Amino acid sequence: MSASRRSGTTDELGPDEPEPAGPAGPDGSDLLAALLDGMDAALCAFDAGGVVTHWNREAERILGWSAAEAVGRHGFAGWAVREADAEEVEGRLMSAMRAPGRQVHEFALLTKDGGRVLVRTQSAAVRGPDGKPAGVYCAFSEVHAQIDLERSIALSEALFEEASWGVVLVDADLRPAVVNAHAARALGTGRTSALGRPLGELLAQGVEELESALTHVLAEGAPPAPADIWVSVRTADGEQRRCWRCGFVRLASPLAEEPVPLGVAWLFVDVTAGKQGEQEAAQLRFRANQLHRAARAAAESEDPREAATVHLDFALAGFADHALIDRVAGGAVADGETDSVRLVRVAATPSGAPGPSLLTGQAGLPVRYAQGHPALQCVERTGSVRATVGAVPAGQAREWAVARQWPEDTVHALCAVLRGRGRTLGVVTFLRARGRSPFERPDTVYAEDVAVRIAAALDLAEVLGRD
């Protein structure tokens, strides 16, 4: 039986009026019945006298009463509501005829098998052609389903307004469709200005890895665990490198018969400080281990100069590409006597193929360092000196390195003074090639630790007469 009561449908035409000419097709009542039966919410309607006039399939699913059993009954008393509650329920529903807008109520209805279902109803007046109330419609759903829906809506609104992590909805073309306030701040843009733009316009680096993750989620679903992705964000102060811990959820349309991907919900939080702390801790452990291993290996060297190269080789791992040891010509100098000193190369790493450091300088010829060379500055200041070529073309960087007597691929340098028994013995220089970051303060501390050990070995060589 149709979800709507068919009686009265001929009244509009009149009993003696012919039906309109034209091709056969669904009339208004059939269309109304189809619309009502296709609704996701349960719906019933009452005329002004309280008689049920409409009853859709969702109402039948929830309560078990079919449209044939429901339409035509007067109110809910005795079948959909307990007799004791019928008067109150009917009064609350029919009061919508006299009230403006919609009325929301909660009460228990009876199912056909005798069970009880707590529902939340929204009711409003239905007005006739004269504008006067002609009945009431009532849409209802189980309270737990309504609460779940409200929670989902509240969660969605909270995520996009108050969440303490970034939330971005990315469409199937990998373009942001919705961006919350936290994500907009992290991306350095506005919430609306980021919409529809390629991710490459929002991020300077890390776009390929992020787009690969989004593509995988669209095709395969969410990964089992969050992923840490390093990106570079454009800011007014230049590019900033950040680490975002990202979670991904594939979104599918709940209205489609088969899952249709709508995009990906990308959630992220900035974990840069924690990741940098982990990296620094791991680096400190590695360097401390290298110092320990170098000390044990150097202790087995009979020649103190070989012990110095052992310390140099162990220090290079993960720290620099090349290294040099220069000793003050004519022997160590005391403080205040460092003017016009010249340096003699003692050891150096191969500039071509990798290999252990080689002892050199047997001829005692000074290295042709120009005035103001970082190694000479290191001796004069009795302290470490850092130098870098900066952002220049490759040819200019090569000239810069060659002019300082360094391998031509050098772009960053760190010189640490060699001190022993209150005197300056020379300089150890660590060099990095293009593609590596400049030396930072923690690198200087490590280089100075290595320099102390190299200086002790060279000082011992001087005492033994092997320099």
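Coordinates for the structure precede this section.
Definitions and cut-offs
- Residues numbered from 1 in each chain as written.
- Predicted model: local features only at pLDDT ≥ 70, side-chain atom pairs only at ≥ 80, totals over all residues.
- Heavy atoms only, no water.
- Helix = DSSP H or I, 4+ residues; strand = E, 2+ residues; numbered from the N terminus.
- Buried < 20%, exposed > 50% of the residue type's maximum accessible area, 1.4 Å probe, protein only.
- Contact = heavy atoms within 4.5 Å.
- Areas by Shrake-Rupley, 256 points an atom, 1.4 Å probe, with all protein chains shown as cover.
- Salt bridge = Lys/Arg side-chain N within 4 Å of Asp/Glu carboxyl O.
- Pairing = 2+ DSSP bridges.
- Axes fitted to C-alpha atoms, helices over the stretch in contact; angles between N-to-C directions.
- Expected span 1.5 Å × (residues − 1).
- Phe/Tyr/Trp six-rings, centres within 6.5 Å; stacked < 30°, edge-to-face > 60°.
- Lys NZ or Arg CZ within 6 Å of the ring centre and 35° of its normal.
- Parallel < 35°, antiparallel > 145°, perpendicular 65-115°, else oblique.
- Nonpolar A, V, L, I, M, F, W, Y, C, P; charged D, E, K, R; others polar.
- Arc of directions from axis to C-beta.

J.: Lay out the overall build of the protein with the relevant residues and their values.
T.: Across its full length, the protein carries 13 helices and 18 strands. A buried classification covers 41% of the 467 residues belonging to the protein. Long-range contacts, defined as pairs at least 24 residues apart, comprise 52% of the intrachain contacts of the protein with a sequence gap of at least 6. Of the roughly 25200 Å² that the protein leaves accessible, carbon and sulfur atoms contribute 52%.

J.: So what about the side chain of S232? Which residues, and what values?
T.: Of note, S232 is situated in strand β9 (residues 227–235). For S232, a relative accessible area of 5% puts it in the buried group.

J.: Before we move on, can you summarise the pattern of salt bridges with the specific residues and values?
T.: Within the structure shown, the criterion is met by 21 salt bridges. Two residues, R120 and E106, come together in a salt bridge whose shortest N-O distance is 2.5 Å. With R120 in strand β4 (residues 116–127) and E106 in strand β3 (residues 103–110), this pair connects stretches of sequence that are 14 residues apart. The residue R419 makes a salt bridge to D335 at a minimum N-O spacing of 2.6 Å. Within this pair, whereas R419 is found in strand β17 (residues 410–420), its partner D335 is found in the loop between β13 (333–334) and β14 (343–348), the two being separated by 84 residues in sequence. Residues participating in the shared-partner salt-bridge network are R327, R421, R423, D459 and E462.

J.: Kindly report on the sheet that holds strand β1 (residues 42–47), identifying the contributing residues and their values.
T.: If you trace the five strands from one edge of the open sheet to the other, you get β2-β1-β5-β4-β3, paired in antiparallel fashion. The strands lining the two open edges of the sheet, one partner per strand, are β2 (52–55) and β3. The mean inter-strand angle of the sheet, taken between neighbouring strand axes irrespective of direction, is 30°. Strand direction decides the pairing type here: β3 and β4, joined by eight bridges, are antiparallel. Bridge pairing in β4 places H105 opposite T121. Helix α4 (residues 83–94) rests against β1, β3, β4 and β5 (133–142) of the sheet, and its axis sits at about 150° to β3.

J.: Quick one: what's the story with helix α9 (residues 272–298), residue by residue and with numbers?
T.: An α-helix turns once per 3.6 residues; consequently, residues spaced three or four apart project the same way. When the terminal C-alpha atoms of α9 are compared, their 38 Å separation across 27 residues agrees well with the 39 Å that a helix rising 1.5 Å per residue should span. What α9 keeps buried is the set T272, K275, R287, Q290, L291, A294 and A298. Buried residues in α9 make contact with β9, β10 (238–252), β11 (261–270), α10 (304–316), β18 (423–433) and α13 (441–464).

J.: An account of the side chain of T309 is needed here, citing residue identities and associated values.
T.: Looking at the element boundaries, T309 is found in helix α10. Given a relative accessible area of 8%, T309 falls into the buried group. Setting aside residues no more than four positions away along its own chain, T309 makes contact with A347, S357 and L359.

J.: Any chance you could break down the packing of aromatic side chains for me, citing the residues and the numbers?
T.: Summed over all chains, the structure comprises 13 aromatic pairs. Both rings, one in W55 and one in W79, keep their centres 5.6 Å apart while their planes meet at 50°; by these two values the pair is tilted. With W55 in strand β2 and W79 in the loop between α3 (67–70) and α4, this pair connects stretches of sequence that are 24 residues apart. W79 carries the same exposure label as W55, and that label is buried. A connected cluster of aromatic rings, assembled from ring pairs, spans F46, W55, W65, F76, W79 and F140. Its end group placed over the ring of F319, R432 keeps NZ or CZ at 5.4 Å from the ring centre.

J.: An account of the packing of α9 against α13 is needed here, citing residue identities and associated values.
T.: As a packed pair, α9 and α13 sit with axes 11 Å apart at the nearest point and diverge in direction by 5°. Accordingly, the angle class assigned to the pair α9 and α13 is roughly parallel. Two secondary-structure elements touch here, α9 through R287, Q290 and L291 and α13 through P442, D443, Y446, D449, V450 and R453. Tallied by class, residues from the contact of α9 with α13 come to four nonpolar, one polar and four charged.

J.: For the sheet that holds strand β8 (residues 203–205), give the residues involved together with the corresponding values.
T.: On the basis of which strands lie adjacent, the open sheet formed by six strands has the order β7-β6-β11-β10-β9-β8 and antiparallel pairing. The sheet is open, and its two borders are formed by β7 (176–179) and β8, each paired with just one other strand. Adjacent strand axes in the sheet meet at a mean angle of 40°, parallel and antiparallel pairs treated alike. Looking at chain direction, β10 and β11 are connected through nine bridges and run antiparallel. By the bridge assignment for β11, R245 is matched with V269.

J.: Run through the environment of A308, naming residues and quoting values.
T.: Looking at where A308 falls in the secondary structure, it is placed in helix α10. Distance in space between the C-alpha atoms of A308 and A347 is 8.7 Å, their sequence separation being 39 residues. Residue contacts for A308: discarding those within four places in its chain leaves I325, I454, A457 and L458.

J.: Give me the lowdown on helix α8 (residues 207–220), citing residues and values where you can.
T.: Helix length check: α8 (14 residues) gives 20 Å between terminal C-alpha atoms against 20 Å at 1.5 Å per residue, within 8%. When we look at burial in α8, the residues that qualify are V207, L210, L214, V217 and L218. Viewed along the axis of α8, the buried residues span an arc of 100°, placing them on a single side of the element. For α8, the exposed residues set more than 90 degrees away from the buried face come down to E208, A219 and E220. Buried residues in α8 make contact with β6 (166–171), α7 (199–202), β8, β9, β10 and β11. Just past α8, the residue G221 takes up positive phi, approximately 105°.

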